[in-house]
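Read off the chains here:
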Amino acid sequence: MDRAPNLPPVNAIRVFETAARLGNFTRTGEALGMTQAAVSYQIKMLEDRLGFTLFERKARHVELTARGARLARGTSDAFRLLERTFRDVREDRDSVLSLTALPTFCSNWLVPRIGAFQLDNPSLAVRIDSRSDLVDIKAGEADIGIRIGKGQWPGLEARRLFGDTTAPLVPRAALDRFGPFERPDDLLKLRLFGPISWWQDWFRTAGGDPDLLPDRPALELETQTMEVSAAIASGDAATMVTPIYFAEQLASGALVAPFSTELDLGDGHYMVFDPTRAKEPKIKAFIAWMLFQPMAFCLNRTEPAFPEAGKAVVNGQP
């Protein structure tokens with residue numbers, strides 16, 4: 001049951017709590033930036049609301065009545081609790097960096113590297129939300145997000161990281177058993193995982209014949225990570241995924257990119273944040289760290305991972 005309407009005005013409670021501690025209305029006014037008359041008015045209003053006297057007025061000070069003393073203990077404890085709560089929230093805001101990112105990017109790229117950021121910033125704790133839901137960064141649900149789109153999110157500044165591309169990746173075991181894969185059509189020796197529309201568009205881009213593709217993939221799962229894991233486990237499948245998400249597997253040789261061609265899906269990966277908070281130390285630290293991460297290790301890339309990292313976009317405008 002909501003009891004808030006039964007409470008007296010918070011300002012009157014604060015005046016009472018301060019007067020109870022200081023025992024003097026004039027000093028209370030000085031402490032709160034009010035006149036002595038305004039303090040007396042707030043106390044009188046509170047007494048009228050409660051129906052009993054809180055102070056006995058003396059010549060140079062005031063003394064709490066029995067009921068006033070009882071109320072003073074409770075209000076003092078309540079204000080101390082509020083102060084601790086707000087202090088903890090402020091400290092949490094300063095010392096905890098909350099990030100939101102898509103599940104595959106989060107698990108395959110961000111999580112393996114976030115330890116390096118924490119080593120560089122030991123005073124910061126990091127909280128990562130990898131849900132697919134779009135959280136409200138402007139409302140403070142996260143400090144920074146990694147999103148896929150056109151760079152147009154109202155009220156947010158967007159820093160482009162890299163494009164949204166896809167290409168076939170093949171497990172090493174499949175390459176050894178069924179390779180080499182010199183033409184796109186050679187991949188048809190394998191089962192194909194991932195959206196068939198991506199396969200069709202990639203075949204057109206890479207010079208293959210999309211009419212040779214099956215009507216549906218052999219497997220399509222909730223995340224690219226699941227599809228890659230299934231392909232590695234099977235040893236006879238290729239999966240159509242975003243290569244940069246699987247840089248570690250490519251670097252180790254567990255996955256192979258048999259073709260340098262990538263299909264541009266038309267969007268980009270962006271780091272987004274509230275521009276009014278851009279100067280907060282924790283946000284500045286993460287932006288600086290993120291924009292200079294080495295990510296140009298997929299396929300045959302030699303260009304900087306974030307060629308447009310210096311460009312800021314606010315509400316879709318550079």
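See the structure shown above.
Here the structure is a predicted model, which means the values were calculated and not measured. (Residues numbered from 1 in each chain as written. Predicted model: local features only at pLDDT ≥ 70, side-chain atom pairs only at ≥ 80, totals over all residues. Heavy atoms only, no water.)

**So, the packing of helix H1 (residues 10-22) against helix H3 (residues 36-50)**
Item 1. Direction vectors running N to C along H1 and H3 enclose 110°, while the axes themselves pass 9 Å from each other. Considered as vectors, H1 and H3 are oriented roughly perpendicular to each other. Between H1, through Asn 11, Ala 12, Val 15 and Phe 16, and H3, the contact on the second element is made entirely by Val 39, Gln 42, Ile 43, Met 45 and Leu 46.
Item 2. Residue composition of the contact of H1 with H3, grouped by class: 7 nonpolar, 2 polar and no charged. (Axes fitted to C-alpha atoms, helices over the stretch in contact; angles between N-to-C directions. Helix = DSSP H or I, 4+ residues; strand = E, 2+ residues; numbered from the N terminus. Parallel < 35°, antiparallel > 145°, perpendicular 65-115°, else oblique. Contact = heavy atoms within 4.5 Å. Nonpolar A, V, L, I, M, F, W, Y, C, P; charged D, E, K, R; others polar.)

**Side note on the pattern of salt bridges**
Item 1. Inspection of every chain in the model, using the stated rule, returns 17 salt bridges.
Item 2. One continuous salt-bridge network, built from bridges that share partners, spans Arg 14, Glu 17, Arg 21 and Arg 80. (Salt bridge = Lys/Arg side-chain N within 4 Å of Asp/Glu carboxyl O.)

**Digging into the packing of aromatic side chains**
Item 1. Within the structure shown, the criterion is met by 14 aromatic pairs.
Item 2. With centroids separated by 5.4 Å and ring planes inclined at 20°, the aromatic side chains of Phe 105 and Trp 109 adopt a geometry described as stacked. Here Trp 109 and Phe 105 lie together in helix H5 (residues 103-120), a separation of 4 residues that amounts to about one turn. The two residues Phe 105 and Trp 109 agree in class, both being buried.
Item 3. An aromatic cluster is present here, built from Phe 105, Trp 109, Phe 117, Phe 162, Tyr 245, Phe 246, Phe 286 and Trp 289 joined pairwise through their rings.
Item 4. Seen from the ring of Phe 79, Arg 14 lies directly overhead, with NZ or CZ sitting 4.1 Å from the centre.
Item 5. Positioned over the ring face of Phe 52 is Arg 67, at 4.6 Å from the centre of the ring. (Phe/Tyr/Trp six-rings, centres within 6.5 Å; stacked < 30°, edge-to-face > 60°. Buried < 20%, exposed > 50% of the residue type's maximum accessible area, 1.4 Å probe, protein only. Lys NZ or Arg CZ within 6 Å of the ring centre and 35° of its normal.)

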